[in-house]
Amino acid sequence: MAQFFAVKAMVSKPEAAGKLASLINETMKVTVLGVLEEPSKGVLALVSYDTKAEAKQAWESKVFASMSADIGSFTIRTWMNAFDGNVSESCYVAYCLDKENSIELRKSTRPAHVEWLKSSTLSNGKIGPFTIVNEKENNAVQGAVGSLLIVDYAAGMDELAKFLKNDPYAKAGLFASTELYKIRIIKQ
(Lines give C-alpha, C1' and ligand atoms only; values in the text may rest on other atoms or scores of the structure.)
Protein backbone atom coordinates (compact mmCIF):
# COMPACT_ATOMS: atom_id res chain seq x y z
CA MET A 1 0.00 0.00 0.00
CA ALA A 2 1.53 3.30 -1.08
CA GLN A 3 2.19 5.99 1.46
CA PHE A 4 3.57 9.52 1.30
CA PHE A 5 7.06 10.66 2.24
CA ALA A 6 8.29 14.23 2.57
CA VAL A 7 11.78 14.70 1.20
CA LYS A 8 13.45 17.96 2.23
CA ALA A 9 16.88 18.64 0.77
CA MET A 10 18.86 21.81 1.37
CA VAL A 11 21.47 22.72 -1.22
CA SER A 12 24.94 24.13 -0.64
CA LYS A 13 24.75 26.34 -3.75
CA PRO A 14 21.52 28.24 -4.53
CA GLU A 15 21.78 27.52 -8.27
CA ALA A 16 21.63 23.75 -7.55
CA ALA A 17 18.00 23.86 -6.31
CA GLY A 18 16.46 23.91 -9.80
CA LYS A 19 18.67 21.08 -11.03
CA LEU A 20 17.85 19.03 -7.93
CA ALA A 21 14.11 19.60 -8.40
CA SER A 22 14.33 18.46 -12.03
CA LEU A 23 16.25 15.32 -11.07
CA ILE A 24 13.75 14.44 -8.32
CA ASN A 25 10.86 14.98 -10.75
CA GLU A 26 12.46 12.70 -13.34
CA THR A 27 13.53 9.87 -11.06
CA MET A 28 11.14 9.66 -8.09
CA LYS A 29 7.36 9.10 -7.76
CA VAL A 30 6.49 12.74 -7.12
CA THR A 31 3.04 14.02 -6.16
CA VAL A 32 4.06 17.55 -5.11
CA LEU A 33 7.36 19.28 -5.84
CA GLY A 34 8.60 22.73 -4.96
CA VAL A 35 11.74 24.82 -4.69
CA LEU A 36 12.32 26.39 -1.28
CA GLU A 37 13.24 30.01 -1.94
CA GLU A 38 13.45 31.83 1.39
CA PRO A 39 15.17 32.02 3.82
CA SER A 40 17.43 29.30 2.33
CA LYS A 41 17.47 27.26 -0.86
CA GLY A 42 16.39 23.69 -1.22
CA VAL A 43 13.69 21.36 -2.47
CA LEU A 44 10.62 19.85 -0.85
CA ALA A 45 9.00 16.86 -2.53
CA LEU A 46 6.08 14.69 -1.51
CA VAL A 47 6.70 11.26 -2.98
CA SER A 48 4.67 8.04 -2.96
CA TYR A 49 6.20 4.61 -2.32
CA ASP A 50 5.12 1.41 -0.58
CA THR A 51 7.84 1.64 2.08
CA LYS A 52 10.30 4.15 3.45
CA ALA A 53 13.09 1.80 2.35
CA GLU A 54 11.90 2.15 -1.28
CA ALA A 55 11.76 5.94 -1.00
CA LYS A 56 15.23 6.02 0.55
CA GLN A 57 16.59 3.67 -2.13
CA ALA A 58 15.19 5.86 -4.94
CA TRP A 59 16.69 8.94 -3.29
CA GLU A 60 20.11 7.42 -2.66
CA SER A 61 20.56 5.62 -5.98
CA LYS A 62 18.99 8.13 -8.37
CA VAL A 63 19.24 11.57 -6.77
CA PHE A 64 21.88 11.69 -4.05
CA ALA A 65 24.36 9.66 -6.14
CA SER A 66 24.17 12.32 -8.86
CA MET A 67 24.16 15.48 -6.73
CA SER A 68 25.74 14.65 -3.37
CA ALA A 69 28.29 17.48 -3.70
CA ASP A 70 25.48 20.05 -3.97
CA ILE A 71 23.25 18.71 -1.17
CA GLY A 72 23.99 20.17 2.24
CA SER A 73 21.45 18.09 4.19
CA PHE A 74 18.34 16.01 3.60
CA THR A 75 15.59 14.22 5.49
CA ILE A 76 12.95 11.71 4.43
CA ARG A 77 9.93 11.53 6.74
CA THR A 78 6.75 9.49 6.52
CA TRP A 79 3.84 11.91 6.03
CA MET A 80 0.05 11.57 6.15
CA ASN A 81 -1.98 13.87 3.92
CA ALA A 82 -4.77 14.92 6.28
CA PHE A 83 -5.99 17.89 4.21
CA ASP A 84 -5.49 17.73 0.47
CA GLY A 85 -6.20 21.05 -1.18
CA ASN A 86 -4.40 22.65 -4.09
CA VAL A 87 -1.94 25.45 -3.54
CA SER A 88 -0.87 28.30 -5.78
CA GLU A 89 2.51 28.37 -7.47
CA SER A 90 3.92 30.64 -4.76
CA CYS A 91 3.05 29.67 -1.19
CA TYR A 92 4.62 28.77 2.17
CA VAL A 93 5.84 25.72 4.05
CA ALA A 94 5.80 25.17 7.81
CA TYR A 95 8.03 22.23 8.73
CA CYS A 96 7.49 21.48 12.43
CA LEU A 97 9.23 18.79 14.46
CA ASP A 98 7.97 17.67 17.86
CA LYS A 99 10.06 17.51 21.00
CA GLU A 100 11.26 14.01 21.85
CA ASN A 101 8.89 11.76 23.78
CA SER A 102 5.88 14.00 23.17
CA ILE A 103 3.47 11.58 21.53
CA GLU A 104 1.05 11.83 24.48
CA LEU A 105 1.13 15.65 24.39
CA ARG A 106 0.33 15.55 20.66
CA LYS A 107 -2.55 13.11 21.24
CA SER A 108 -4.07 15.16 24.05
CA THR A 109 -3.77 18.43 22.11
CA ARG A 110 -4.93 17.07 18.74
CA PRO A 111 -8.70 17.77 19.13
CA ALA A 112 -8.02 21.46 19.85
CA HIS A 113 -5.50 21.58 16.97
CA VAL A 114 -8.03 20.10 14.52
CA GLU A 115 -10.71 22.58 15.62
CA TRP A 116 -8.22 25.44 15.29
CA LEU A 117 -7.41 24.35 11.73
CA LYS A 118 -11.09 24.00 10.81
CA SER A 119 -11.87 27.49 12.09
CA SER A 120 -8.77 29.06 10.54
CA THR A 121 -8.46 31.15 7.41
CA LEU A 122 -6.47 28.43 5.65
CA SER A 123 -8.50 27.57 2.57
CA ASN A 124 -5.94 25.86 0.36
CA GLY A 125 -3.12 23.58 1.27
CA LYS A 126 -1.65 20.21 1.99
CA ILE A 127 -1.52 19.65 5.72
CA GLY A 128 -0.68 16.62 7.81
CA PRO A 129 1.55 14.98 10.40
CA PHE A 130 4.92 13.31 10.04
CA THR A 131 3.98 9.82 11.16
CA ILE A 132 5.61 6.81 12.74
CA VAL A 133 4.42 3.71 10.91
CA ASN A 134 4.92 0.02 11.47
CA GLU A 135 5.59 -1.36 8.00
CA LYS A 136 5.40 -4.93 9.35
CA GLU A 137 1.77 -4.28 10.35
CA ASN A 138 0.42 -2.97 7.02
CA ASN A 139 1.78 0.55 7.62
CA ALA A 140 -0.24 1.02 10.80
CA VAL A 141 0.27 4.52 12.20
CA GLN A 142 1.88 4.37 15.65
CA GLY A 143 1.94 8.11 16.31
CA ALA A 144 3.24 11.39 14.94
CA VAL A 145 6.46 13.34 15.39
CA GLY A 146 5.78 16.62 13.61
CA SER A 147 3.65 18.51 11.11
CA LEU A 148 4.00 19.70 7.54
CA LEU A 149 1.86 22.48 6.12
CA ILE A 150 2.09 23.67 2.52
CA VAL A 151 -0.33 26.59 2.40
CA ASP A 152 -1.38 29.70 0.56
CA TYR A 153 -1.11 32.59 2.98
CA ALA A 154 -1.53 35.96 1.30
CA ALA A 155 -0.42 37.95 4.35
CA GLY A 156 3.16 36.69 4.02
CA MET A 157 5.66 34.69 6.03
CA ASP A 158 5.82 37.00 9.07
CA GLU A 159 2.04 36.87 9.47
CA LEU A 160 2.05 33.09 8.95
CA ALA A 161 4.57 32.81 11.80
CA LYS A 162 2.24 34.81 14.07
CA PHE A 163 -0.74 32.72 12.95
CA LEU A 164 1.08 29.45 13.72
CA LYS A 165 1.92 30.63 17.25
CA ASN A 166 -1.81 30.33 17.98
CA ASP A 167 -1.86 26.65 17.00
CA PRO A 168 -2.75 24.65 20.14
CA TYR A 169 0.27 22.44 19.40
CA ALA A 170 2.57 25.49 19.58
CA LYS A 171 0.83 26.88 22.68
CA ALA A 172 1.27 23.51 24.42
CA GLY A 173 5.00 23.57 23.67
CA LEU A 174 4.90 20.51 21.41
CA PHE A 175 7.36 21.67 18.77
CA ALA A 176 11.13 21.46 19.16
CA SER A 177 11.52 23.42 15.93
CA THR A 178 9.44 25.23 13.34
CA GLU A 179 10.99 26.14 10.00
CA LEU A 180 9.16 28.46 7.59
CA TYR A 181 9.97 28.72 3.90
CA LYS A 182 8.60 30.47 0.87
CA ILE A 183 8.17 27.81 -1.81
CA ARG A 184 7.58 27.87 -5.55
CA ILE A 185 5.48 24.87 -6.53
CA ILE A 186 6.63 23.17 -9.72
CA LYS A 187 4.30 20.15 -9.72
CA GLN A 188 1.14 19.08 -7.92
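Reading the values: rules and limits
- Residues numbered from 1 in each chain as written.
- Predicted model: local features only at pLDDT ≥ 70, side-chain atom pairs only at ≥ 80, totals over all residues.
- Heavy atoms only, no water.
- Helix = DSSP H or I, 4+ residues; strand = E, 2+ residues; numbered from the N terminus.
- Rg over C-alpha atoms; globule rule 2.2 N^0.38 Å.
- Contact = heavy atoms within 4.5 Å.
- Areas by Shrake-Rupley, 256 points an atom, 1.4 Å probe, with all protein chains shown as cover.
- Lys, Arg positive; Asp, Glu negative; His and termini not counted.
- Charge placed at Lys NZ, Arg CZ, Asp CG, Glu CD.
- Phe/Tyr/Trp six-rings, centres within 6.5 Å; stacked < 30°, edge-to-face > 60°.
- Buried < 20%, exposed > 50% of the residue type's maximum accessible area, 1.4 Å probe, protein only.
- Lys NZ or Arg CZ within 6 Å of the ring centre and 35° of its normal.
- 1 Å grid on protein atoms, 1.4 Å probe; cavity = no way out; pocket = protein on both sides within 12 Å on 5 of 7 lines; lining within 4 Å.
- Points joined across faces, edges and corners; volume = space filled by probe spheres on them.
- Nonpolar A, V, L, I, M, F, W, Y, C, P; charged D, E, K, R; others polar.
- Salt bridge = Lys/Arg side-chain N within 4 Å of Asp/Glu carboxyl O.
- Pairing = 2+ DSSP bridges.
- Core = buried A, V, L, I, M, F, W, Y, C linked by side-chain atoms within 4.5 Å.

### So, the overall build of the protein
For the protein, the count of helices and strands is 5 helices and 9 strands. Beginning at the N terminus, the succession of helices and strands in the protein can be written as β-α-β-β-α-β-β-β-α-β-β-α-α-β. Its C-alpha radius of gyration of 16 Å places the protein within 12% of the 16 Å reference for a compact globule of 188 residues. Taken over the C-alpha atoms alone, the protein extends approximately 45 × 40 × 25 Å along its principal axes. Considering only contacts in the protein between residues 6 or more positions apart, those separated by 24 or more positions represent 76%. Approximately 9,300 Å² of the protein is accessible, and the part contributed by carbon and sulfur atoms is 50%. Across the protein, 22 positive and 21 negative side-chain charges occur, with their mean positions spaced 1 Å apart.

### Describing the packing of aromatic side chains
All chains considered together, the criterion is met by 8 aromatic pairs. Between Y153 and F163, the aromatic rings sit 5.4 Å apart at their centres with planes inclined by 35°, giving tilted as the arrangement. In this pair, Y153 sits in the loop between β8 (140-151) and α4 (157-164) while F163 sits in helix α4, placing the two residues 10 residues apart along the sequence. Judged by relative accessible area, which is 13%, F163 ranks as buried. Across the ring face of Y95, the terminal group of K8 is positioned such that the distance to the ring centre comes to 4.2 Å. Looking at R77, its charged tip hangs above the ring of F130, at a distance of 5.8 Å from the centre.

### Focus on the layout of surface pockets
For the largest pocket, the calculated volume is near 530 Å³. Where the lining of the largest pocket is concerned, the elements lending two or more residues are α3 (103-118), β7 (125-134) and β8. With 8 residues, the top contributor of residues to the lining of the largest pocket is α3. Split by residue class, the lining of the largest pocket holds 14 nonpolar, 6 polar and 4 charged.

### Some details on the pattern of salt bridges
Summed over all chains, the structure comprises 8 salt bridges. Of the charged contacts in the structure, one is a salt bridge between D70 and K13, with a shortest N-O distance of 3.1 Å. Of the two residues, D70 sits in the loop between α2 (52-67) and β4 (71-79) while K13 sits in the loop between β1 (3-11) and α1 (16-27), which places them 57 residues apart along the sequence. Taking the relative accessible area as the measure of exposure, D70 reaches 14% and is therefore buried.

### Regarding the pairing of strand β9 (residues 175-187)
In the case of a regular strand, side chains alternate between the two sheet surfaces. Inspection of the sheet shows strand β2 (residues 30-38) paired to β9 by 5 bridges, in the antiparallel sense. Note that in β9 the partner of E38 across the bridge is K182. Two elements, strand β6 (residues 90-98) and β9, share 9 bridges in a ladder whose sense is antiparallel. In the strand pairing of β9, S90 is matched with R184.

### A look at the environment of P111
Along the polypeptide, P111 turns up in helix α3. With 25 residues separating them in the primary sequence, P111 and N86 have C-alpha atoms 24 Å apart.

### Digging into the pairing of β1
For β1, the buried fraction is high: 8 of the 9 residues fall into the buried class. With 8 bridges joining them, β1 and β4 adopt antiparallel strand pairing. Looking across to β4, one finds that A6 is bridged to R77.

### Some words on the nonpolar core
With 25 residues, the main nonpolar core has L20, I24, M28, V47 and W59 as its most contacted residues. Counting only elements with at least two residues in this core, the list comes to β1, α1, β2, β3 (42-49), α2 and β4. Setting aside anything within four residues of it in sequence, one finds I24 in contact with V30, L33, V43, A45, W59 and V63.

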